[in-house]
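One-letter residues, chain by chain:
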Amino acid sequence: MAPFRISRARALVGIAALTVLIGTADWYVGSTMSLGIFYIVPMVIGATVFSWPGILLLAVVCSLLRSLFDIPSPPVEQLLRFGFATLAYLSAGLLVAALIRNRELTIAHLAGMRREQELRREAEEQLRILVDSSPAAVLTLDAEGNVLAANRAAHSLFLIPSEETIRGRSIKRYLPMLADALHVDPEPDGLRAEAEAAGQRENGEMFLARAWFSSYATDEGKRLAAIVVDASEELRDREEQSLRQLSER
């Protein structure tokens, strides 16, 4: 709730009390001077609780009180003064109402932005946990094929020592297929493919890798995201199955 807002009942009481007080003071000083400027105060308070019809009605009431205790003048001049006073009070009330409304919209917008940022941070954290706990290796590469990010499974797959990291290294040493994919002209919406190729671990051991990868563009340049698994056991199973089928013939 914005600090400009007060309860409607308290505002009505305040408006009535101030209007009576100003009207009484205006009557007391009589025609020696005009206190019309002070009717702005109840208009400002009314702007915090009234819509524009209520603000207009209050402006007319204040203008009538001002006219009753104004300096004597011809009817035409009194009518003009009443019209200008009503317009002035109405403008003041509407201006205050607009300022309060704009402030509330700004506060609501900022609150929405903060909530959106919190949701984004939560989503990013959940995604980070999901990627880090994935049994498949997840990698992000820059346009030169250097590893920008990798989860724990990627370090395990390529047998990177625990005190070291694959980040910053060229993927060409471990899985040249991904480095080659960066040089393929992508489709309009980016390259998306699945492939099997030979991979190499840190200790020089070779294995069959199956990878799902896609490229995308960023302000910093081309990027490639890949999910890689060790398909060596699957290959051995296929070979054994083929041998069994041959022996059964």
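For the structure itself, consult the block above.
Predicted model, so just to flag it, every value in this text is computed and none were measured.

Draft legend 1. How the structure looks around the overall build of the protein chain. Counting its secondary structure elements, the protein chain contains seven helices and five strands. Traced from its N-terminal end to its C-terminal end, the protein chain shows the element sequence α-α-α-α-β-β-α-α-β-β-β-α. Within the protein chain, buried positions represent 31% of all 249 residues. Counting only contacts in the protein chain whose residues sit at least 6 apart along the sequence, the fraction spanning at least 24 positions is 49%. Accessible surface, the protein chain: about 15800 Å² in total, of which carbon and sulfur atoms supply 62%.

Draft legend 2. Here's a closer look at the environment of A225. Looking at the element boundaries, A225 is found in strand β5 (residues 221-230). A sequence separation of 10 residues divides A225 from S215, and the C-alpha atoms of the two residues are 6.3 Å apart.

Draft legend 3. Summary view of the nonpolar core. Core analysis: the biggest nonpolar cluster contains 27 residues, and L139, F158, I171, L178, F213 and V228 have the highest contact counts within it. Residue assignment for this core shows that the elements contributing at least two residues are β1 (137-141), β2 (147-150), α5 (152-157), α6 (176-181), β4 (206-218) and β5.

Draft legend 4. Molecular detail of the pattern of salt bridges. Applying the stated criterion across every chain yields a total of 10 salt bridges. As a salt-bridge pair, R169 and E202 come within 3.2 Å of each other at their nearest N and O atoms. One end of the pair, R169, is in the loop between α5 and α6; the other, E202, is in the loop between β3 (192-200) and β4, and 33 residues separate them in sequence. You can call E202 partly exposed: its relative accessible area is 22%. The shortest N-O distance in the salt bridge between R173 and E202 comes to 3.1 Å. In this pair, R173 sits in the loop between α5 and α6 while E202 sits in the loop between β3 and β4, placing the two residues 29 residues apart along the sequence. Judged by relative accessible area, which is 44%, R173 ranks as partly exposed. Here the residues in one salt-bridge network are E164, R169, R173 and E202, joined through shared partners.

Draft legend 5. Spatial organisation of a nonpolar patch on the surface. A surface patch of nonpolar side chains, amounting to about 440 Å² of accessible area, comprises V76, L80, F84 and L87. Locating F84 in the fold gives a position in helix α4 (residues 75-132).

Draft legend 6. Focus on helix α1 (residues 8-29). In this model α1 runs 31 Å from its N-terminal to its C-terminal C-alpha over 22 residues, within 8% of the 32 Å that 1.5 Å per residue would give. Within α1, the full set of buried residues consists of A11, I15, T19, I22, G23 and D26. One side of α1 carries all its buried residues, which in axial view fall inside an arc of 100°. In α1, the exposed positions that point more than 90 degrees away from the buried face belong to A9, R10, V13, V20, L21, W27 and Y28. Considering only its buried residues, α1 is in contact with α2 (40-47) and α3 (52-68).

Draft legend 7. The packing of α1 against α2, seen in detail. The N-to-C vectors of α1 and α2 enclose an angle of 170°; their axes lie 9 Å apart at closest approach. By the angle between their axes, α1 is roughly antiparallel relative to α2. Where α1 approaches α2, its residues A11, I15, L18, T19 and I22 are matched on the opposing element by V41, P42, I45 and G46.

Draft legend 8. Focus on the packing of aromatic side chains. Counted according to the given criterion, the structure contains three aromatic pairs. Aromatic rings pair up to connect F158, Y174 and F207 into one cluster. Against the face of F207 rests R201, its NZ or CZ located 4.2 Å from the ring centre.

Draft legend 9. Spotlight on the sheet that holds β2. Ordered in space as β2-β1-β5-β4-β3, the five strands form an open sheet in which the pairing is antiparallel. Pairing within the sheet leaves two strands with one partner each, and these edge strands are β2 and β3. Pairwise comparison of adjacent strand axes, ignoring direction, gives a mean angle of 30° for this sheet. Bridging between β1 and β5 involves five bridges; their strand directions are antiparallel. Pairing of T140 across the sheet is with A225, part of β5.

Draft legend 10. Geometry of α3. Between its first and last C-alpha, α3 extends 24 Å over 17 residues, near the 24 Å set by a 1.5 Å rise per residue. For α3, the complete set of buried residues consists of I55, L58, A59, C62, S63 and R66. Each buried residue of α3 sits inside an arc of 140° when the element is viewed along its axis, so together they form one side. Residues L57 and L68 are exposed on α3 and point more than 90 degrees away from its buried face. Packed against the buried residues of α3 are α1, α2 and α4.

Cut-off values and rules
- Residues numbered from 1 in each chain as written.
- Predicted model: local features only at pLDDT ≥ 70, side-chain atom pairs only at ≥ 80, totals over all residues.
- Heavy atoms only, no water.
- Helix = DSSP H or I, 4+ residues; strand = E, 2+ residues; numbered from the N terminus.
- Buried < 20%, exposed > 50% of the residue type's maximum accessible area, 1.4 Å probe, protein only.
- Contact = heavy atoms within 4.5 Å.
- Areas by Shrake-Rupley, 256 points an atom, 1.4 Å probe, with all protein chains shown as cover.
- Core = buried A, V, L, I, M, F, W, Y, C linked by side-chain atoms within 4.5 Å.
- Salt bridge = Lys/Arg side-chain N within 4 Å of Asp/Glu carboxyl O.
- Patch = residues over 30% accessible without salt bridge, like charges linked within 9 Å, V, L, I, M, F, W, Y side chains within 5 Å.
- Expected span 1.5 Å × (residues − 1).
- Arc of directions from axis to C-beta.
- Axes fitted to C-alpha atoms, helices over the stretch in contact; angles between N-to-C directions.
- Parallel < 35°, antiparallel > 145°, perpendicular 65-115°, else oblique.
- Phe/Tyr/Trp six-rings, centres within 6.5 Å; stacked < 30°, edge-to-face > 60°.
- Lys NZ or Arg CZ within 6 Å of the ring centre and 35° of its normal.
- Pairing = 2+ DSSP bridges.

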